Amino acid sequence: MTDKVNITCNYVIPKVDVGMSSGDVLYTHYLSKALKEFFDTENVSAFYSTVPLPILTGPQGTKYNFNYVSIDGCTRIDFSKGINKDNTIILCCMHAITTFCDQIVWDAAHSIPVGGKLIIIEPTSPDSILRREYFSRCMSVSITTRNGLTIEEWSKTEALPSEKDGGLKKWSFCVPMQKCSYDSVNVILQNIKLLNLDEFELLIGCSEKSEPFPDPRVKIVTVGKENQSLTQKKNFLANISRYENLCIFHDRVVIPINFKEAIENFGDCFGIASFQSIYIDWNSGRVERYSDFHVAHEDGHHILSAEVFGETDKRAVLYTQNVPIRLRWRMATSEAHPGEASENTYLTGTMYLTKRSIWSMVKQDPKINWDEQEDVEFGFHALLHFGIPSRINPYGITISRRARHIMIGLKYMSDRYEKNPKESVAIPPILKTVNRPASKNEELEIRKKAWTLTEKYAVRSDALRVRVFTDPISSQNNWTLYWVSILYSMVIPRDLHSIKEFLIDFSKAMFGSPYDKGTLLYLSEEILEGKFFVDAVIENGYFTQSIRNVDVIHATETPSDSIMIDYITNQIWRAPKYYRLPETYAELQKMVICALSALPDQDIEGISTAKNEAIKSGYVANISSTTLAKKSE
């Protein structure tokens, strides 16, 4: 007979989606059963659970004290620190109680050594990620039912794929582009040089031939006809990469200079991850979250269900059989809080941090191109078919140097602090687009684009020629009248090809990038059915939002350069619904400084101030005064 002994157990509590009394009762009931079945003082030293409980008394009068650890979808858990002598981890009711179960199980499976065991105790047999393809060759299971509990005992037979690609020192940076120049590649290279990595390579995939780059770490690859789309380029670059760690991103992304620290803090074997992203409007001082982590609701998830991914050759079914859903995709997706986690969340295609072994498994569907929800399909396929979760690394912030008008339609974000986690809350418009020109050069470029439209589509006239280059465009009213007058001068044949061609040209001229394919199809059909094309364009959300954002410029006071760092930090700190914040303001300020310090010089004092602050505070050792001076020239 053993005397009463107090045992301290590690205790994982996702506060976000737990706390209702019925959940507590359910959990307490099954935990008590698990204690009676599994625990004694000899073979258990660590226990991971999901809701707060008082001290419980187990077999032979043993008392269990539970440590409290709050987690969310960003949290990494190193279970190996508390693992017992038999290398066994026990998880109880993870699937029954919390939406973070996939992240928790992923970390547990990667924490146990080969030969170790992961025991999952649930009221019923769970749909665990361990049953999916990523784990199939490395984990075996035996299932028993005792005392009303389903007990799955998973044995680790060999190292998991990302463990075989272990280590965080060497990186391949992969950037798909249409065409590139030395200048554009050099901006990306200078950004990566600031990251202080042991070894790296920069792979650029282009559709058009480019000359070799002088730095041997840069490889510019001209892809063949079979790899022209964005998804094909990403797959191709990942396939030829040299190093085990991949950072696949678009050229508008600026990687923060604390990249190495952020990666190490997050830990190895992270599945598929990305950083939070922001877009800064330097004219107005607006700071907005920009295209990083999203959630699909209702219709969006209905068409991205497990049935779709049951057969890998049916991955493109989403795009061939669900046209009505594609037209409404903005209504079916929204920004997710970075701390969320469920089978509905996914990373946008802006940046992926992952292992080469993981990308070679999942890949992006080559039949799907950019702007066809390729990122939605990729995230859901990775989780539902392979068991690989997507999540945010909360220790760094990327900055987008450009914003696309496609983001205007994304006006809602899932609010995890409300009672119903599916509720969405309105957020302000994210984008200024081109709108009011910031300089004479930009104004001239806008007028040139407008003139190109009139040359191609308008009835030629001297009066229109004069107006394109003389009408004012700096205020909301002027901007509206300018584009409406150009629209009214257009003559478009009423056939599908001509309508689409015009809409693409117009959206590039006014918004800076083409309509997404759903909107393009919707507008084309409206015009073909008899709607006046000027009305169709003006009444569409892109046009009206672009006009409204001119007001935003005049309504927002631009902060002085000297307080830019504090201003941006405060903007993020005051919006916790949109960002996963660190524990202290000082930590967030450091992340902002590291993000700003990576930006190329834009004659903005706030950037130079951030670089100097990064050097002075010792956040980075690889931005020298000489480097700073060169960038300022």
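**Student:** I'm lost on the overall build of the chain in this one. Help?
**Tutor:** Along the chain, the regular secondary structure elements total 24 helices and 23 strands. For the chain, the residues scored as buried account for 56% of the 633 residues in total. Long-range pairs, those at least 24 residues apart, make up 76% of the contacts in the chain between residues at least 6 apart in sequence.

**Student:** Please clarify how the packing of aromatic side chains should be interpreted in this entry.
**Tutor:** By convention here, two paired aromatic rings are described through the distance between centres and the angle between planes. Applying the stated criterion across every chain yields a total of 24 aromatic pairs. Between the aromatic rings of Phe 173 and Phe 249, the centroid separation amounts to 6.4 Å while the plane-to-plane angle is 85°, which identifies the pairing as edge-to-face. Highlighted residues: Phe 173 in strand β10 (residues 170–176) and Phe 249 in strand β13 (residues 245–249), separated in sequence by 76 residues. Phe 173 gets classed as buried once you look at its relative accessible area, which sits at 0%. On the basis of relative accessible area, Phe 249 is assigned to the buried category, the value being 1%. By the ring-pair criterion, three or more aromatic residues cluster together here, those being Tyr 457, Tyr 482, Trp 483, Tyr 488, Phe 502, Phe 506, Phe 532 and Phe 533. Taking NZ or CZ as reference, Arg 76 lies 5.2 Å from the ring centre of Phe 266, over its face.

**Student:** What is the right way to look at the nonpolar core in this model?
**Tutor:** General note: in soluble globular proteins, nonpolar side chains tend to be found buried as a group. Counting 47 residues, the largest nonpolar core has Leu 91, Leu 118, Leu 130, Phe 135 and Ile 388 as the members making the most contacts within it. Those elements giving two or more residues to this core turn out to be β6 (88–92), α3 (101–111), β7 (117–122), α6 (230–240), β13, β17 (293–296), α12 (356–362) and α13 (374–386). The element best represented in this core is α3, accounting for six residues. Non-local contacts of Leu 118, meaning those with residues more than four positions away in its chain, are made with Ile 89, Leu 91, Val 105, Ala 108, Ala 109, Ile 112, Leu 130, Glu 152, Glu 153 and Trp 154.

**Student:** Help me understand the pairing of β6, please; the structure alone is not making it clear to me.
**Tutor:** Two faces belong to every sheet, and in a regular strand the side chains alternate between them. A large share of β6 lies buried, amounting to five of its five residues. Relative to β7, β6 runs parallel, the two sharing five bridges. When the sheet's bridge partners are listed, Ile 89 is paired in β7 with Leu 118.

**Student:** Sorry if this is basic, but what is going on with unusual backbone geometry here?
**Tutor:** Glycine aside, residues mostly have negative phi angles, and peptide bonds mostly take the trans form. Here the phi dihedral of Asn 196 falls at roughly 60°; this positive angle occurs in a residue that is not glycine. Position of Asn 196 relative to the elements: it lies in the loop between α5 (182–193) and β11 (199–206). In this structure, Lys 363 is a non-glycine residue whose phi angle is positive, near 55°. Here Lys 363 is to be found in the loop between α12 and α13.

**Student:** Just checking my understanding: could you explain the pairing of strand β8 (residues 139–146) for this structure?
**Tutor:** With eight bridges connecting them, β8 and strand β9 (residues 149–156) associate as antiparallel partners. Residue pairing for β9: Arg 146 is matched across the bridge by Leu 149. Taking the residues that link successive antiparallel strands as the turn, the β8-β9 hairpin has two residues, and the phi of Asn 147 there is positive, at about 55°.

**Student:** Sorry, what's going on with the pattern of salt bridges here?
**Tutor:** Pairing between side chains becomes possible if they bear opposite charge and their charged atoms approach one another. Scanning the model with the defined rule gives 19 salt bridges in all. Residue Arg 132 pairs with Asp 127 through a salt bridge whose shortest N-O separation is 2.9 Å. Residues participating in the shared-partner salt-bridge network are Arg 76, Asp 107 and Arg 391.

**Student:** Is there a simple way to think about the sheet that holds β7 in this case?
**Tutor:** In any sheet, the strands associate via hydrogen bonds between backbone groups, in a parallel or an antiparallel arrangement. The four strands lie next to each other as β6-β7-β9-β8, forming an open sheet whose pairing is mixed. At either margin of the open sheet sits one strand with a lone partner, and together these are β6 and β8. Strand-to-strand twist of the sheet, defined as the mean angle between neighbouring strand axes without regard to direction, takes the value 20°. Seen against the sheet, α3 touches β6, β7, β8 and β9 and runs at an angle of roughly 170° to β6.

**Student:** Quick question: what am I supposed to make of the environment of Asn 191 here?
**Tutor:** For Asn 191, the position within the fold is in helix α5. With 408 residues separating them along the chain, Asn 191 and Leu 599 place their C-alpha atoms 7.4 Å apart.

**Student:** Explanation requested: α6 in the structure shown.
**Tutor:** Since the α-helix turns once every 3.6 residues, residues separated by three or four places project in the same direction. Buried residues dominate α6, accounting for eight of its 11 residues. Residues of α6 that are buried: Leu 230, Thr 231, Gln 232, Lys 233, Lys 234, Asn 235, Leu 237 and Ala 238. Those residues of α6 that are buried are in contact with β10, β11, β13, β20 (351–355), α12 and α13.

**Student:** Would you mind showing me how to read helix α17 (residues 496–511) here?
**Tutor:** End to end, α17 covers 22 Å across 16 residues, agreeing with the expected 22 Å (1.5 Å per residue, within 8%). Inspection of α17 places Ser 498, Ile 499, Phe 502, Leu 503, Phe 506, Ser 507, Ala 509, Met 510 and Phe 511 among the buried residues, and these make up the whole buried set. All buried residues of α17 fall inside an arc of 160° around its axis, so they share one side. The N-cap of α17, judged by a side-chain oxygen 3.3 Å from the amide nitrogen of His 497 a few residues on, is Asp 495. Remark: Gly 512 follows α17 within two positions and exhibits a positive phi of approximately 95°.

**Student:** Mind showing me how you'd approach the confidence of the model for the chain here?
**Tutor:** Close reading of the predicted structure is inappropriate where its pLDDT is low. Scored by pLDDT, the chain comes out at a mean of 76, with 69% of its residues at no less than 70. With pLDDT under 50 throughout, residues 299–310 is counted as low confidence; its partners more than four residues away or in other chains account for 27 contacts. Every residue in residues 408–412 scores below 50 in pLDDT, and together they form 22 contacts with partners more than four places removed in sequence or on other chains.

**Student:** Help me understand the environment of Glu 529, please; the structure alone is not making it clear to me.
**Tutor:** Examined against the element boundaries, Glu 529 turns out to sit in the loop between α18 (517–528) and α19 (533–539). Linking Glu 529 and Arg 494, residues 35 residues apart in sequence, is a C-alpha distance of 9.7 Å.

**Student:** What is the right way to look at the packing of α17 against α18 in this model?
**Tutor:** Each packed pair of helices is defined by two parameters, the angle between the axes and the distance between the axes. The geometry of α17 relative to α18 is characterised by a closest axis approach of 10 Å and an angle of 130° between their N-to-C directions. Viewed along their axes, α17 and α18 adopt a mutual orientation that is oblique. Crossing geometry of α17 relative to α18 is assigned as right-handed. Within the contact between the two elements, α17 uses Leu 496, Ile 499, Lys 500, Leu 503 and Ile 504 and α18 uses Leu 520, Leu 523, Ser 524, Ile 527 and Leu 528. Counted by class, the contact of α17 with α18 contains eight nonpolar, one polar and one charged residues.

**Student:** Can you walk me through the environment of Val 223 in this structure?
**Tutor:** Tracing the sequence through the fold places Val 223 in the loop between β12 (218–222) and α6. Along the primary structure Val 223 and Gln 178 are separated by 45 residues, whereas in three dimensions their C-alpha atoms are 10.0 Å apart. Not counting residues within four places of it along the chain, the set of residues in contact with Val 223 comprises Gly 205, Cys 206, Ser 207, Gln 228, Lys 233 and Phe 236.

Parameters and conventions
Residues numbered from 1 in each chain as written. Predicted model: local features only at pLDDT ≥ 70, side-chain atom pairs only at ≥ 80, totals over all residues. Heavy atoms only, no water. Helix = DSSP H or I, 4+ residues; strand = E, 2+ residues; numbered from the N terminus. Buried < 20%, exposed > 50% of the residue type's maximum accessible area, 1.4 Å probe, protein only. Contact = heavy atoms within 4.5 Å. Phe/Tyr/Trp six-rings, centres within 6.5 Å; stacked < 30°, edge-to-face > 60°. Lys NZ or Arg CZ within 6 Å of the ring centre and 35° of its normal. Core = buried A, V, L, I, M, F, W, Y, C linked by side-chain atoms within 4.5 Å. Pairing = 2+ DSSP bridges. Salt bridge = Lys/Arg side-chain N within 4 Å of Asp/Glu carboxyl O. Axes fitted to C-alpha atoms, helices over the stretch in contact; angles between N-to-C directions. Expected span 1.5 Å × (residues − 1). Arc of directions from axis to C-beta. Polar contact = N/O pair within 3.5 Å; in protein donor to acceptor, adjacent residues only side chain to side chain. pLDDT = per-residue confidence, 0-100. Parallel < 35°, antiparallel > 145°, perpendicular 65-115°, else oblique. Left-handed = near helix turned anticlockwise from the far one by under 90°. Nonpolar A, V, L, I, M, F, W, Y, C, P; charged D, E, K, R; others polar.

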